[in-house]
Amino acid sequence: MRKVVKFGGSSLASAEQFKKVGNIIHADAERKFVVPSAPGKRDADDTKVTDMLYECYDLAESGKNFKEQLQAIKTRYQEIIDGLALKLSLDEEFKTIEKNLKEKAGRDYAASRGEYLNGIIMAAYLGFEFVDAAEVIRFDEHGEFDSETTNKLMRERLSHLKAAVIPGFYGAKEDGTVKTFSRGGSDITGSIVARAVKADVYENWTDVSGFLVADPRIIYKPEPISTITYKELRELAYMGASVLHEDAIFPVRREGIPINIRNTNAPEDEGTWIVESTCQKPKYVITGIAGKKGFCAVNIEKDSMNSEVGFGRKVLQVFEDSGISFEHVPSGIDTMTVFVHQDEFMHKEQKVVSGIHRLADPDTIEIEADLALIAVVGRGMKSTRGTAGRIFSALAHSNVNVKMIDQGSSELNIIIGVANADFETAIKAIYDIFVLCQL
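To start, this report covers the structure provided alongside it. (Residues numbered from 1 in each chain as written. Predicted model: local features only at pLDDT ≥ 70, side-chain atom pairs only at ≥ 80, totals over all residues. Heavy atoms only, no water.)

Across the sheet, eight strands lie side by side as 3-5-2-1-8-10-11-9; this open sheet has mixed pairing. Since the sheet does not close on itself, it has two edges, and those belong to strand 3 (129-130) and strand 9 (227-229), each with one partner. Taken together, the five bridges between strand 8 (residues 201-206) and strand 10 (residues 259-263) define a ladder with parallel strand orientation. Directly across from Trp 205, in strand 10, lies its bridge partner Arg 262. (Pairing = 2+ DSSP bridges. Helix = DSSP H or I, 4+ residues; strand = E, 2+ residues; numbered from the N terminus.)

Structure below.
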């Protein structure tokens, strides 16, 4: 069996955390390929190394002196090296970084050095081969990730290595220009490596023991999720659940590789398994609840709208022309509602209203602001009757007014629209009816 293991910033924030990671890796000889993030926060008042590097580059770009800030980063890494009792010097690496920052090599280059340096330390600590991600992760000339070229390069480079450390978060274009993924992109690197080496498991180690049914900031000690499918994860991640970068599932999904979310600080916990499909019945009807605030609804009415060919296209064309993406579009015989992000829409609202009048000639348009969307997700809902009814009942008992409800044809999720002010109350009510009542 072959495992790829990725460790997040909190797992590598200090020498003590490094030692925990080393113990985890050495405890299982199948953990052969390691993807580290840059050092994260050591405590609540600390600063992530990636943010420190961004600060350095901003100073360099404006022609200001950044030596003090760069020295602080160097000190941070030296503390880790000393704490691990390694005979390793990063002096030459920091000379190169300082030179490249002065030459304004780019924010992506600056940010990537956090993972790059941590990868060097990790390889030295474990006795593994170091593989620079810039050599094996390729972006095209437009800065778009090139998955097939990357897979070929990665597979060829790692095929002859028994064990290796590949830094997360970044790669490079053909000309060597460093390019990063979005924040949290080390998750994606781990998935890319898992695909390339045809891993049996991709373990993603972080500071929580997997996914929870609901946000612990809203629900006190919510139940953990033992197994979740890729599709369920996509739905929850899109609505705000953020243990794993949502793009990390694509490389492993095409190879059928399961992801195991684990806790570096509690390695005995089984964590959450993310799989393509499973015959295991979920513990509850729902798998998870997630949501976001800050939406508004554009309600459009027109008599006999349903019989007018192209009405929906005309309305959505106005949003597209205004550069506004929509979230949901529930409709009736004479009504159509478009849910959009309020902060994206509010400065263009009158342009959109006039555009809809011009193209679609509706009877009326009304805008309702300060709304939240909640996703109730679960593969168990498909085989369970009355799920929507139970949601409505729970919300009614909690005096929450439902603004919208939308269920996809897959019967995997139900989206509920409520007022921002009712967001937390609604999530508690749904959690109580589906989880607490089953305990």
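On the secondary structure map, Asp 132 appears in the loop between strand 3 and helix 6 (133-136). Despite being buried, Asp 132 has no salt bridge partner; Arg 113 is the closest side chain of opposite charge, sitting 5.0 Å away. Polar contacts involving the side chain of Asp 132 include one to the side chain of Tyr 170, which spans 2.6 Å. The residues contacting Asp 132, other than those within four sequence positions of it, are Tyr 116 and Tyr 170. (Buried < 20%, exposed > 50% of the residue type's maximum accessible area, 1.4 Å probe, protein only. Lys, Arg positive; Asp, Glu negative; His and termini not counted. Salt bridge = Lys/Arg side-chain N within 4 Å of Asp/Glu carboxyl O. Polar contact = N/O pair within 3.5 Å; in protein donor to acceptor, adjacent residues only side chain to side chain. Contact = heavy atoms within 4.5 Å.)

By size, the foremost hydrophobic cluster in this structure holds 120 residues, and its most contacted members are Leu 101 and Leu 158. At nine residues, the largest contribution of residues to this core is made by helix 5 (residues 107-126). Those residues in contact with Leu 158, other than ones at most four positions away along the chain, are Phe 33, Val 131, Ala 164, Ile 166, Val 193 and Val 197. One finds Val 298, Phe 345, Val 352 and Ile 365 within the second-largest nonpolar core, a separate group that totals 18 residues. (Core = buried A, V, L, I, M, F, W, Y, C linked by side-chain atoms within 4.5 Å.)

Under the defined criterion, the tally for this structure stands at 31 salt bridges. The closest approach of N and O atoms between Lys 198 and Glu 255, which form a salt bridge, is 3.9 Å. Note that Lys 198 is positioned in the loop between helix 8 (186-196) and strand 8 and Glu 255 in the loop between helix 10 (249-253) and strand 10, a separation of 57 residues in sequence. Glu 255 sits in the partly exposed class, given a relative accessible area of 34%. Across the pair Glu 232 and Arg 379 runs a salt bridge, and its minimum N-O distance is 2.9 Å. Of this pair, Glu 232 sits in helix 9 (residues 230-238) while Arg 379 sits in the loop between strand 15 (364-377) and helix 14 (387-397); the two residues are 147 residues apart in sequence, bridging distant segments of the chain. According to the relative accessible area criterion, Glu 232 is buried, its value standing at 0%. A cluster of three or more residues bridged by salt bridges with shared partners is formed by Lys 3, Asp 28, Glu 30, Arg 31, Glu 203 and Arg 262.

A separate point is the packing of helix 14 against helix 15 (residues 423-434). The interhelical angle for the contact between helix 14 and helix 15, taken along N-to-C directions, is 125°, at an axis separation of 9 Å. With respect to their mutual orientation, helix 14 and helix 15 come out oblique. In the packing of helix 14 onto helix 15, the handedness of the crossing is right-handed. In this structure, helix 14 contributes Thr 387, Arg 390, Ile 391, Ala 394 and Leu 395 to the contact, and helix 15 contributes Ala 426, Ala 429, Ile 430, Ile 433 and Phe 434. (Axes fitted to C-alpha atoms, helices over the stretch in contact; angles between N-to-C directions. Parallel < 35°, antiparallel > 145°, perpendicular 65-115°, else oblique. Left-handed = near helix turned anticlockwise from the far one by under 90°.)

This brings us to the sheet that holds strand 15. Taken in spatial order, the six strands of this open sheet run 13-14-12-15-17-16, and their pairing is antiparallel. What marks the edges here is a single partner per strand, and that holds for strand 13 (326-328) and strand 16 (404-407). Across the sheet, the axes of successive neighbouring strands diverge by a mean angle of 40°, strand direction being ignored. Here two bridges tie strand 13 to strand 14 (residues 335-341), and the two strands are oriented antiparallel to one another. Bridging from a neighbouring strand, Phe 326 pairs with Val 340 of strand 14. Most of the contacts of helix 11 (residues 311-321) go to strand 14, to which it runs at about 20°, and overall it touches strand 12 (288-301), strand 13 and strand 14.

The end-to-end C-alpha distance of helix 3 (residues 67-83) is 24 Å, a good match for the 24 Å that 17 residues give at a rise of 1.5 Å each. Considered for burial, the residues of helix 3 that qualify are Leu 70, Ile 73, Arg 76, Tyr 77, Ile 80 and Ile 81. Summarising the axial view, the buried residues of helix 3 lie within an arc of 140°, below the 170-degree limit, and thus occupy one face. Projecting away from the buried face of helix 3 at angles above 90 degrees are the exposed residues Lys 67, Glu 68 and Asp 82. If you follow the buried residues of helix 3, they end up packed against helix 1 (15-26), helix 2 (49-61), helix 4 (91-102) and helix 5. One or two positions beyond helix 3, positive phi appears at Ala 85, with a value near 60°. (Expected span 1.5 Å × (residues − 1). Arc of directions from axis to C-beta.)

Burial analysis of strand 10 places five of its five residues in the buried class, which makes it a mostly covered element. Side chains Ile 259, Ile 261 and Asn 263 project from strand 10 onto one buried face, and the interleaved Asn 260 and Arg 262 project onto a second face that is buried too.

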